[in-house]
Amino acid sequence: MVKNWVPFVVGVLFALGLGVSGMTQPQKVVGFLDLFREWDPSLAFVMIGAIGFHALFFPMITKRSSPILADQFHLPNNSDLDVRLILGAMLFGAGWGLGGYCPGPGIVSLASGNKESIVFVGAMVAGMLVFHFTKPLINKVVR
Amino acid sequence: MLSINSEFLYALVGGLLIGLAVTIMLLAKGRVTGISGITYNFMLFRKGDRGWRGAFLFGLVIGGVCLSIFYPTSLANTLDYSLSRVALAGFLVGYGTLLGNGCTSGHGVCGISRFSLRSISATLTFIAIGVLVVFLVGS
């Protein structure tokens, strides 16, 4: 039970961080991406804060033989730059620019009851299901 | 001037909170806090490892409830986009994050923090395409 309290608290902290930072306001996200008109650079500081903090502690934590509540670390070890990675990032970037939400802020915003976040998350889940059921086909087409 | 500076401060403090959250996840569970991957793996109804993912997602929602009570403007969407546009956006985000193995959290925060070349490439790509799309179809 304790094991699941920690991810719960992580989820709450993450959501509060997204809300405080401005990431849950799609108008701010679009402003950040609107580089060639009225650029709002403030969201760059979200990445500076998050990456700065995590990059500082990452090496200390992964020096441990295991995490506190699990047997081992589960970190990605794939280092190939492949078509799937770039194509996926392109599709994601297009959706991010089009709606102003990425997955976390979409889910957090559900609590506001605004219809955009509900439609966004519903469509995101649909996109994930379509990916899931077309995976064998995708695996044949792109590496 | 003051308001611009305070926006930067809010963004930085929010970013530090996100950094703290993903650091606790790594220390406790040894996991990358990638929200698209967690959502997908939770949806698959896989046995065993589903509990922590559900707990995390539940935490996100409860955090959202706290924001809606204490800081409701943080969840406001003033863009007034059509719902079909928002639906297309959501579909592309869902499909794209799974094809590319990550989103803003998994690649943008966790991956860049460990200097993963894949995550750096993915992040530069999705920001560049986001900039392009906003430039083309606008705000």
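Along each chain, residues carry numbers from 1 onward, in the same order as the chain's sequence is written. Written order decides the labels, with chains lettered from A and ligands numbered from 1. Two thresholds apply to this predicted model, a pLDDT of at least 70 for residue-level local features and 80 or more for giving and counting side-chain atom pairs, whereas whole-chain, interface and lining totals are computed over all residues. Side-chain numbers here rest on the full set of heavy atoms in the structure, without hydrogens or water.

Participant: For helix α3 (residues 50-70) of chain B, give the residues involved together with the corresponding values.
Facilitator: A turn of α-helix holds 3.6 residues, and therefore any two residues three or four places apart point the same way. The end-to-end C-alpha separation of α3(B) is 30 Å, in line with the 30 Å expected for 21 residues at 1.5 Å each. Turning to α3(B), its buried residues number three or more, namely W52(B), R53(B), G54(B), A55(B), F56(B), L57(B), G59(B), L60(B), G63(B), G64(B) and L67(B). A run of DSSP states H or I qualifies as a helix once it reaches four residues; a run of E qualifies as a strand once it reaches two. Both are numbered from the N-terminal end. Take the residue count of a helix, subtract one, and multiply by 1.5 Å to get its expected span. Exposed residues in this analysis have more than 50% of their type's maximum accessible area, buried residues have under 20%, and partly exposed residues fall in between, with area computed by a 1.4 Å probe over protein chains only.

Participant: Now, about the interface of chain A and chain B: what can you tell me, with residues and values included?
Facilitator: On the chain B side, the residues contacting the 104 residues of chain A number 102 residues. Note on chain A versus chain B: buried area summed over both sides is about 9,400 Å², and carbon and sulfur give 78% of it. Defined here as a combined quantity, buried area equals the accessible surface (1.4 Å probe) lost by two parts on assembly, summed across both. When residues of chain A are sorted by the area they lose upon contact with chain B, F14(A), L98(A) and M128(A) head the list and together hold 8% of the total. What counts as a salt bridge is simple: a side-chain nitrogen of Lys or Arg found within 4 Å of a carboxyl oxygen of Asp or Glu. Where chain A touches chain B, the interface holds 2 salt bridges. With its nearest N and O atoms 2.5 Å apart, the salt bridge here joins E7(B) to K28(A). Identification of polar contacts relies on pairs of N or O atoms within 3.5 Å, with a donor-acceptor requirement for protein atoms, meaning one able to donate a hydrogen and the other able to accept it, and with residues adjacent in sequence counted only if both atoms are side-chain atoms. On inspection of chain A and its partner chain B, the count reaches 19 residue pairs in polar contact (both at pLDDT 80 or more). Where the side of chain A that touches chain B is concerned, the elements lending two or more residues are α1 (2-21), α2 (26-33), α3 (44-62), α4 (83-99), α5 (103-109) and α6 (115-141) of chain A. Any residue that is not Ala, Val, Leu, Ile, Met, Phe, Trp, Tyr, Cys, Pro, Asp, Glu, Lys or Arg is counted as polar, Gly included; the first ten are nonpolar and the last four charged. Split by residue class, the side of chain A that touches chain B holds 64 nonpolar, 28 polar and 12 charged. Residue contacts follow a heavy-atom distance rule, with two residues in contact if any of their heavy atoms lie within 4.5 Å.

Participant: So what's going on with the pattern of salt bridges? Which residues, and what values?
Facilitator: Oppositely charged side chains are able to pair whenever their charged atoms sit close together. In this structure the tally under the stated criterion is 4 salt bridges over all chains. The salt bridge involving D40(A) is made with K28(A); its shortest N-O contact spans 3.3 Å. Residue D40(A) is found in the loop between α2 and α3, and its partner K28(A) is found in helix α2; the two are separated by 12 residues along the sequence. Residue D40(A) shares its accessibility class with K28(A), and that shared class is buried. For K28(A), a relative accessible area of 11% translates into the label buried. When salt bridges that share partners are traced, they join K28(A), D40(A) and E7(B) into one network.

Participant: Would you mind going over the nonpolar core in detail, with residue names and values included?
Facilitator: F14(A), W96(A), F56(B) and L60(B) are the most contacted members of the largest nonpolar core, which totals 58 residues. Looking at this core, the element that brings in the most residues is α6(A), giving 6 residues. Setting aside its immediate chain neighbours within four residues, F14(A) contacts I18(B), A21(B), V22(B), T33(B), I35(B), F56(B), L60(B) and S105(B). Here, the term nonpolar core denotes a set of buried Ala, Val, Leu, Ile, Met, Phe, Trp, Tyr and Cys residues that are joined through side-chain atoms within 4.5 Å. Counting 6 residues, the second largest nonpolar core, distinct from the first, contains A94(A), L92(B), I129(B) and V133(B).

Participant: Run through the packing of aromatic side chains, naming residues and quoting values.
Facilitator: The aromatic pairing rule takes the rings of Phe, Tyr and Trp, using the six-membered ring of Trp, and pairs them if the centres are within 6.5 Å, calling planes under 30 degrees apart stacked, those over 60 edge-to-face and the rest tilted. With the rule as written, the count across this model stands at 15 aromatic pairs over all chains. Between the aromatic rings of W5(A) and F8(A), the centroid separation amounts to 5.7 Å while the plane-to-plane angle is 90°, which identifies the pairing as edge-to-face. Taken as a pair, W5(A) and F8(A) lie in helix α1 at a separation of 3 residues, close to a single helical turn. Where Y10(B) meets Y71(B), the ring centres are 6.4 Å apart and the plane angle is 45°; that geometry is what we call tilted. One end of the pair, Y10(B), is in helix α1 (residues 2-29); the other, Y71(B), is in the loop between α3 and α4 (83-99), and 61 residues separate them in sequence. Ring pairing ties together the aromatic residues F131(A), Y40(B), F91(B) and Y95(B), which thus form one cluster. By definition here, charges over rings are those cases where NZ of Lys or CZ of Arg is within 6 Å of the ring centre and within 35 degrees of the ring normal. Above the plane of the ring of Y81(B) lies R85(B), whose end atom (NZ or CZ) is 3.7 Å from the centre.

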